[in-house]
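A closer look at the structure
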Amino acid sequence: MSETAPPERPAPSDLDRILRDPGFCRHSTGRVAVVEWEAGSGWSAPRLEPYATLPTDPATLGLHYGQAVFEGMKAFRGADGSVSLFRAADHGRRLGLSAARLAMAEMPTELFVRACVELVAADEHWVPGGYGQSLYIRPLLLATEAEMGLRPSRSYRCVFLAYPADPCFGSEFRPLAVTTATETVRAVRGGTGEAKCAGNYAASLLTRTEAQAAGYDEALWLDGVERRWVEELSTMNVFFVWHGEDGPRLTTPPCDGTIVRGITRDSLLALAEGLGLPAAEEPTAIDAVRDGVRSGALAEMFACGTAGAVVAVGRLGTAGGDLVVGDGKEGPVTERLRGALLDVQHARTPDTHGWLLPVTGAAGAVAIEGEGRQA
Ligand SMILES: Cc1ncc(COP(=O)(O)O)c(C=O)c1O
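Residues numbered from 1 in each chain as written. Predicted model: local features only at pLDDT ≥ 70, side-chain atom pairs only at ≥ 80, totals over all residues. Heavy atoms only, no water.

Here we come to the overall build of the protein chain. From N to C terminus, the protein chain includes 8 helices and 19 strands. Relative to the 2.2 N^0.38 estimate, which gives 21 Å for 375 residues, the radius of gyration of the protein chain is 21 Å and therefore close to what a compact globule would have. Its C-alpha atoms give the protein chain principal-axis dimensions of roughly 60 × 50 × 35 Å. Residues classed as buried in the protein chain amount to 53% of the 375 residues present. Partitioning the contacts of the protein chain with sequence separation of at least 6, the portion at a separation of at least 24 is 74%. By element, 52% of the accessible surface of the protein chain is carried by carbon and sulfur atoms, the whole surface being about 16000 Å². When the 35 positive and 48 negative side-chain charges of the protein chain are each reduced to one mean point, those points stand 2 Å apart. (Helix = DSSP H or I, 4+ residues; strand = E, 2+ residues; numbered from the N terminus. Rg over C-alpha atoms; globule rule 2.2 N^0.38 Å. Buried < 20%, exposed > 50% of the residue type's maximum accessible area, 1.4 Å probe, protein only. Contact = heavy atoms within 4.5 Å. Areas by Shrake-Rupley, 256 points an atom, 1.4 Å probe, with all protein chains shown as cover. Lys, Arg positive; Asp, Glu negative; His and termini not counted. Charge placed at Lys NZ, Arg CZ, Asp CG, Glu CD.)

For the rest of this paragraph, the subject is the pattern of salt bridges. The tally for this structure, following the rule as stated, stands at 27 salt bridges. In this structure, Arg94 and Glu71 form a salt bridge, with 2.8 Å as the shortest nitrogen-oxygen distance. Highlighted residues: Arg94 in helix α3 (residues 88-101) and Glu71 in the loop between β5 (68-70) and β6 (73-77), separated in sequence by 23 residues. Both residues of the pair, Arg94 and Glu71, count as buried. Linking Glu145 and Arg151 is a salt bridge whose minimum nitrogen-to-oxygen distance equals 3.1 Å. (Salt bridge = Lys/Arg side-chain N within 4 Å of Asp/Glu carboxyl O.)

Let us look at empty space enclosed by the protein. As enumerated under the stated definition, the model contains 2 cavities of 30 Å³ or more in all. Considering the residues around the largest cavity, the lining is formed by 14 residues, among which Lys74, Phe76, Thr306, Ala309 and Gln345 are closest to the centre. Mapped onto the lining of the largest cavity, the elements with two or more residues apiece are β6, α6 (263-274) and α8 (332-345). No other element matches α8, which puts 3 residues into the lining of the largest cavity. Here the residues of the lining of the largest cavity are counted per class, giving 7 nonpolar, 6 polar and 1 charged. By volume, the second largest cavity is sized at about 30 Å³. (1 Å grid on protein atoms, 1.4 Å probe; cavity = no way out; pocket = protein on both sides within 12 Å on 5 of 7 lines; lining within 4 Å. Points joined across faces, edges and corners; volume = space filled by probe spheres on them. Nonpolar A, V, L, I, M, F, W, Y, C, P; charged D, E, K, R; others polar.)

What follows concerns the environment of Cys197. Tracing the backbone shows Cys197 in the loop between β10 (176-180) and α5 (198-213). Accessibility expressed as a relative area gives 4% for Cys197, which makes it buried. For the pair Cys197 and Gly331, spaced 134 residues apart in sequence, the C-alpha separation works out to 33 Å. Discounting residues that sit within four places of it in the chain, Cys197 has contacts with Ala68, Val69, Leu102 and Thr192.

Although it is not a glycine, Arg227 adopts a positive phi angle of roughly 55 degrees. Tracing the sequence through the fold places Arg227 in the loop between β11 (218-222) and β12 (230-233). Here the phi dihedral of Ala347 falls at roughly 55 degrees; this positive angle occurs in a residue that is not glycine. If you trace the backbone, Ala347 turns up in the loop between α8 and β19 (356-358). Assessed through its relative accessible area of 41%, Ala347 is described here as partly exposed.

Volume-wise, the largest pocket comes out at about 450 Å³. Those elements that provide at least two residues to the lining of the largest pocket are β8 (134-143), α5, β12, α6 and β16 (298-305). Examining the composition of the lining of the largest pocket, we find that 3 residues originate from one element, α6, more than from any other. Partitioned by chemical class, the residues of the lining of the largest pocket number 12 nonpolar, 8 polar and 7 charged. Put simply, the second largest pocket is a space of about 360 Å³. Around the second largest pocket, the lining is made up of 20 residues, and of these Arg94, Leu97, Glu194, Arg261 and Gly262 lie nearest the centre. Secondary structure elements with two or more residues in the lining of the second largest pocket: α3 and α6. Top contributing element to the lining of the second largest pocket by residue count: α3, with 6 residues. Considering only residue class, the lining of the second largest pocket consists of 5 nonpolar, 5 polar and 10 charged.

So, on to the packing of α6 against α8. For the pair α6 and α8, interaxial distance at closest approach is 10 Å and the crossing angle is 105 degrees. By the angle class used here, α6 and α8 are roughly perpendicular. Of the residues in α8, those touching α6 at Thr264, Ser267, Leu268, Leu271 and Ala272 are Leu337, Ala340, Leu341 and Val344. Of the residues contributing to the contact of α6 with α8, the split by class is 7 nonpolar, 2 polar and no charged. (Axes fitted to C-alpha atoms, helices over the stretch in contact; angles between N-to-C directions. Parallel < 35°, antiparallel > 145°, perpendicular 65-115°, else oblique.)

This is the structure we're talking about:
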């Protein structure tokens with residue numbers, strides 16, 4: 001991998017100070033990985049560059065017609081100090097699916113993974129060591145052709161940004177207050193809800209901002225047709241924990257094209273199974289949630305995603321007023337699943353699912369088919 005001008009390393013005392021309290025995406029590492037695609041010549045090899053503003057022609061197609069998709073993924077420091085990426089290939093595959101939905105060039109997964117590994121290997125000193133902390137990586141794929149007209153761009157740039165990070169809602173995992181979106185919808189079947197495209201987030205901003213102004217952390221989206229079925233939050237999937245006859249039982253809304261196929265959600269379904277907690281993908285009506293809270297059948301509710309990990313929902317706003325889920329505090333199942341996830345991510349328990357990709361010592365070692373441009 002080429003790197004023309006490595007960014008200056010911060011002084012050890014400055015780096016220490018930042019890594020002790022990184023916040024979420026407050027400090028770039030000063031370095032990015034870049035991969036480009038052009039019609040006719042295909043994908044470039046990845047290269048490392050100093051963080052810099054993009055040259056943006058005002059006619060750039062990605063800005064006008066919204067061909068912009070991204071990922072959010074993390075590298076963690078393990079108990080032995082080494083660094084690994086979590087489910088990097090799955091994030092690469094999902095970026096490809098998002099790109100395909102928006103008629104954009106699909107980056108081969110191995111190229112995506114290679115760019116991530118090289119970036120994290122070069123920025124390894126930026127990976128904090130605290131439990132729950134990580135290096136957050138944000139690959140952004142943007143249509144860059146600058147010639148007006150509604151059609152897929154003939155050039156794309158993928159920029160991989162990196163930031164040391166605490167979980168986005170904080171490391172204390174304080175329970176969230178969320179409120180049901182009643183006026184607007186985020187996605188409908190056949191639309192782009194499953195893609196991690198910029199437009200979905202723009203569509204959620206008004207309601208999310210209003211929810212925050214009303215004292216909530218997030219908006220809970222319902223389906224766009226019946227306005228009845230729980231879908232997800234603006235940046236996280238949701239789970240419900242019900243009192244079952246034989247102990248707790250988990251459900252999460254199914255992925256039917258309107259919600260993001262969360263990699264954390266998928267990890268938790270697998271971890272729950274390993275812990276002997278029954279878990280199912282099941283449509284859940286907001287009335288059933290409300291009735292469950294009132295009757296006590298719903299024991300816990302939590303949100304999950306790469307940025308925030310696993311966070312309890314303690315208060316739920318509905319058309320009929322605010323509900324307190326359980327006692328409003330984090331429940332034992334939420335805590336247990338978060339612990340199981342973070343333990344795998346920090347390599348404190350065996351990685352039985354093969355989710356970790358070691359980065360320490362891996363720079364230059366990720367092989368992809370051929371060098372130079374790929375179709
Ligand atoms: C809308 C939405 N739902 C769910 C998620 C959770 O996905 P993941 O667990 O892969 O981060 C995200 C974050 O990527 C998201 O933006």
